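Architecture and fold: a report
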Amino acid sequence: MKWFRGRFLPPLPLVLPSLLSGVLVTLCFPVTSLGPVSFLALVPMFAAVLRHRPGRKDAFRAGFLMGSACFVSMLWWIVKLVPTAGVTIPWLMTPALITLVLYLSVYPAFHLLVLAALTRWRLVPFLIAAPATWALFEIARARGELAFPWGSLGYALSDHPALLQTADIWGVFGLSFAVVFINALMAGCISAHGPRTRAWCGLWAGLFAGALWLHGGARIERESRVEGTSLRVALAQPNVDLALKWLPEFKDSTFLLIEKQAAQARDRGADVVVFPETAAPVYIENSPVYKMRLVDLARALELPIYIGFLDHRFDGPNRELNTYNSSGLFRADGSLEKYDKRHLLPFGEALPLASRYRWIRKIEFGQANFQPGPKQSLLNHDGVAFTPLICFESVFPDLCRDGVREGTELFVNITNDGWFGDTPGPYQHAQMAIVRAVEFRRWLVRSANSGVSMVVAPTGQVVSSIGLYKEGILMADVGLRSDVTFYARHGDRPLVLASLLLVGIAAWLARRASMA
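Residues numbered from 1 in each chain as written. Predicted model: local features only at pLDDT ≥ 70, side-chain atom pairs only at ≥ 80, totals over all residues. Heavy atoms only, no water.

Examining the overall build of the protein
- Counting secondary structure elements, the protein contains 17 helices and twelve strands.
- The C-alpha atoms of the protein give a radius of gyration of 24 Å, which matches the 24 Å a tight globule of 516 residues would have.
- Overall size of the protein, expressed as C-alpha extent along the three principal axes, is 80 × 55 × 40 Å.
- For the protein, buried positions account for 57% of its 516 residues.
- Partitioning the contacts of the protein with sequence separation of at least 6, the portion at a separation of at least 24 is 72%.
- Of the roughly 21,300 Å² of accessible surface on the protein, a fraction of 63% belongs to carbon and sulfur atoms. (Helix = DSSP H or I, 4+ residues; strand = E, 2+ residues; numbered from the N terminus. Rg over C-alpha atoms; globule rule 2.2 N^0.38 Å. Buried < 20%, exposed > 50% of the residue type's maximum accessible area, 1.4 Å probe, protein only. Contact = heavy atoms within 4.5 Å. Areas by Shrake-Rupley, 256 points an atom, 1.4 Å probe, with all protein chains shown as cover.)

This is the structure we're talking about:
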């Protein structure tokens, strides 16, 4: 035990604060959803390191322990995929969770290590560097084929629209910057030397949080007055049992449900009806009978139908057979326009780098082995451009940004979160999509097989929703907008540059103080 503690754990005074911070971060997310707690969640760990000034190794261990406590308590539901997901090697789910937690925990670990190296735990450099380095590491975690931005601190504010409104300037990672800055100030309020310094830290934390809230309230009021053309959208939640969905004998009953809900949407005056990811349980081009049923349905109802399905075709430079998680807009004139999912879930839908090296696809862990689709940001319905987002794509701002820069007026997210079961997973996934609406000031509509389906206004307010394991249709009149936010124009680059500058300033101040 002593060997383990000395090798892997930080000093005892840092153990409990690190564990506490990790658990508090999780409590900010569904299903507890104590979003404002995020402004205090990191205070125990930050106050402990400011007081005890650990070296780089111990700082790394403290950050790693905090990350482990956070991501285990946040993502435990991954092991619950087994009963419904049809995983071919079920025993891999527990090692997969452990591996994912170890990987994600590296980011807060390096965050504290960098702070130890740069600031030497001096208060002013720490206040400058803590939010900047956190934002940089979150941005790094959201890039590449291993990208997994689950649990980014900015998403903790999703259920509190007044705190979200600056996202149209600096995105979700800017919100994380703000949250960590307030945490750092509150930690300074506890651990700083002298009552005057502590008072100043508390005052600035209160002023900054109050400014976010007041700005958000004013911005929501302003955004609610924006008027324009609207589109009446129907969102179908079929709630098909995943244990039956792909069985051949149940295929016809699934299509009968699609036809029933599409007719209901037409009767309620919909301009377009949206069905979830793989709502049509077929490979569309290999199933001409079912493809024609959808074509004929759209034509008979005179109602465009956007729906998910699978597709495979011979393409690429070598004309190889590739499989896609796909979707399509069946128009009333009988035409079909497809969109293939571009950003695949690592290890679930494809192994990293499998799209570049075909031999990797031969490794079998039970993953789907999809190919990422070509770059395509828009589908068009009767002159209305919308950005399709299939499942995991809703957590990546860059995909939405591509669409806005090409003229999208609406975000349409389709997903099948039934694999997660009745766990926090579906709620966490839905929560992340809310921020996209605020970042780009677009309506976002979300159709999920078994929930959560919802309609989100450009203010981040959820106008209507259907919970888990309910069948139904949501009707919404959504506004179509073409304005471009600062974040849509510039993305994360201003935040990255500003954070790098702040890190440099913090390092310079710490070095200057040590030489004094």
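The rest of the description comes next.
Side note on the nonpolar core
- Counting 119 residues, the largest nonpolar core has F46 and L75 as its most contacted members.
- If we skip the residues at most four places from it in the chain, F46 touches H111, L112, F126, A130, V180, N183, A184 and A187.
- In terms of nonpolar packing, the next biggest core, distinct from the first, is built from 26 residues, I258, A270, I305 and F309 among them. (Core = buried A, V, L, I, M, F, W, Y, C linked by side-chain atoms within 4.5 Å.)

Describing helix α10 (residues 195-223)
- For α10, built from 29 residues, the straight-helix expectation of 42 Å at 1.5 Å per residue is met to within 8% by its first-to-last C-alpha distance of 42 Å.
- Of all the positions in α10, only C201, A205, L212, G216, R219, I220 and E223 are classed as buried.
- Its buried side turned inward, α10 meets α8 (123-141) and α9 (167-191). (Expected span 1.5 Å × (residues − 1).)

A short note on the side chain of R141
- Of note, R141 is situated in helix α8.
- Buried within the structure, R141 lacks any salt-bridge partner; its nearest side chain of opposite charge belongs to E138, at an N-O separation of 4.4 Å.
- In terms of polar contacts, R141 uses its side chain to reach the backbone carbonyl oxygen of F148, at 2.8 Å.
- From its side chain, R141 meets the backbone oxygen of W150 in a polar contact 2.8 Å long. (Lys, Arg positive; Asp, Glu negative; His and termini not counted. Salt bridge = Lys/Arg side-chain N within 4 Å of Asp/Glu carboxyl O. Polar contact = N/O pair within 3.5 Å; in protein donor to acceptor, adjacent residues only side chain to side chain.)

As for the packing of aromatic side chains
- Taken as a whole and assessed by the stated rule, the structure comprises 17 aromatic pairs.
- Note on F46 and F126: the rings are 5.2 Å apart at their centroids and 90° apart in plane angle, and the pair reads as edge-to-face. With a gap of 80 residues between them, F46 in helix α4 (residues 43-52) and F126 in helix α8 connect regions that are remote in the sequence.
- With relative accessibility at 0%, the residue F46 sits in the buried group.
- With a relative accessible area of 0%, F126 lands in the buried category. (Phe/Tyr/Trp six-rings, centres within 6.5 Å; stacked < 30°, edge-to-face > 60°.)

Focus: the pairing of strand β11 (residues 462-466)
- Two strands pair when backbone bridges link them, and strand β10 (residues 453-456) and β11 are joined in this way by four bridges, in the antiparallel orientation. The residue bridging V455 from the neighbouring strand is S464, located in β11.
- Count of turn residues in the β10/β11 antiparallel hairpin: five residues, of which G460 carries a positive phi of about 85°. (Pairing = 2+ DSSP bridges.)

A look at the pattern of salt bridges
- The final tally for this structure, using the stated rule, is 26 salt bridges.
- A salt bridge links E223 to R219; the shortest N-O distance between them is 3.0 Å. Of the two residues, E223 and R219 are both situated in helix α10; the distance of four residues between them amounts to about one turn of the helix. For the residue pair E223 and R219, the accessibility class agrees, reading buried in each case.

What about the side chain of K251?
- Inspection of the secondary structure puts K251 in helix α12 (residues 251-267).
- Here K251 occupies a buried position and makes no salt bridge, while the nearest side chain of opposite charge, D252, is found at 8.2 Å.
- Apart from the residues within four sequence positions on either side, K251 is in contact with P281, V282 and Y290.

Describing helix α14 (residues 397-405)
- Extensive coverage of α14 is indicated by the burial of seven of its nine residues.
- Among the residues making up α14, those that are buried are P397, L399, C400, R401, D402, G403 and V404.
- Summarising the contacts, the buried residues of α14 are in contact with β7 (384-390), β8 (410-415), α15 (425-440), α16 (486-490) and α17 (493-515).

A word on the packing of α12 against helix α13 (residues 288-301)
- Contact pair α12 / α13: the axes reach a minimum separation of 11 Å and the direction vectors enclose 15°. Put simply, α12 runs roughly parallel to α13. Seen along the crossing, α12 lies across α13 with a hand that is right-handed. Touching K251, D252, F255, L256, I258, E259, A262, A263 and R266 of α12 are Y290, R293, L294, L297 and L301, all from α13.
- Partitioned by chemical class, the residues of the contact of α12 with α13 number nine nonpolar, no polar and five charged. (Axes fitted to C-alpha atoms, helices over the stretch in contact; angles between N-to-C directions. Parallel < 35°, antiparallel > 145°, perpendicular 65-115°, else oblique. Left-handed = near helix turned anticlockwise from the far one by under 90°. Nonpolar A, V, L, I, M, F, W, Y, C, P; charged D, E, K, R; others polar.)

Thoughts on the environment of P238
- Relative to the helices and strands, P238 is located in the loop between β1 (230-237) and α11 (242-245).
- Take P238: its relative accessible area is 5%, and that puts it in the buried class.
- When near neighbours in sequence (up to four residues on either side) are disregarded, P238 contacts L257, Q261, P276, A448, N449 and E471.

Points about unusual backbone geometry
- Of note, the amide linkage connecting P30 to V31 takes the cis form, showing an omega dihedral of 10°.
- Assignment of secondary structure puts V31 in the loop between α2 (12-27) and α3 (38-41).
- Put simply, G451 and V452 share a cis peptide bond, and its omega is 5°.
- Here V452 is to be found in the loop between β9 (444-448) and β10.
- Not every positive phi belongs to a glycine, and S33 is a case in point at roughly 55°.
- Phi is positive for N239, close to 55°, though the residue is something other than glycine.
- Here N239 is to be found in the loop between β1 and α11.
- Judged by its relative accessible area of 25%, N239 is partly exposed.

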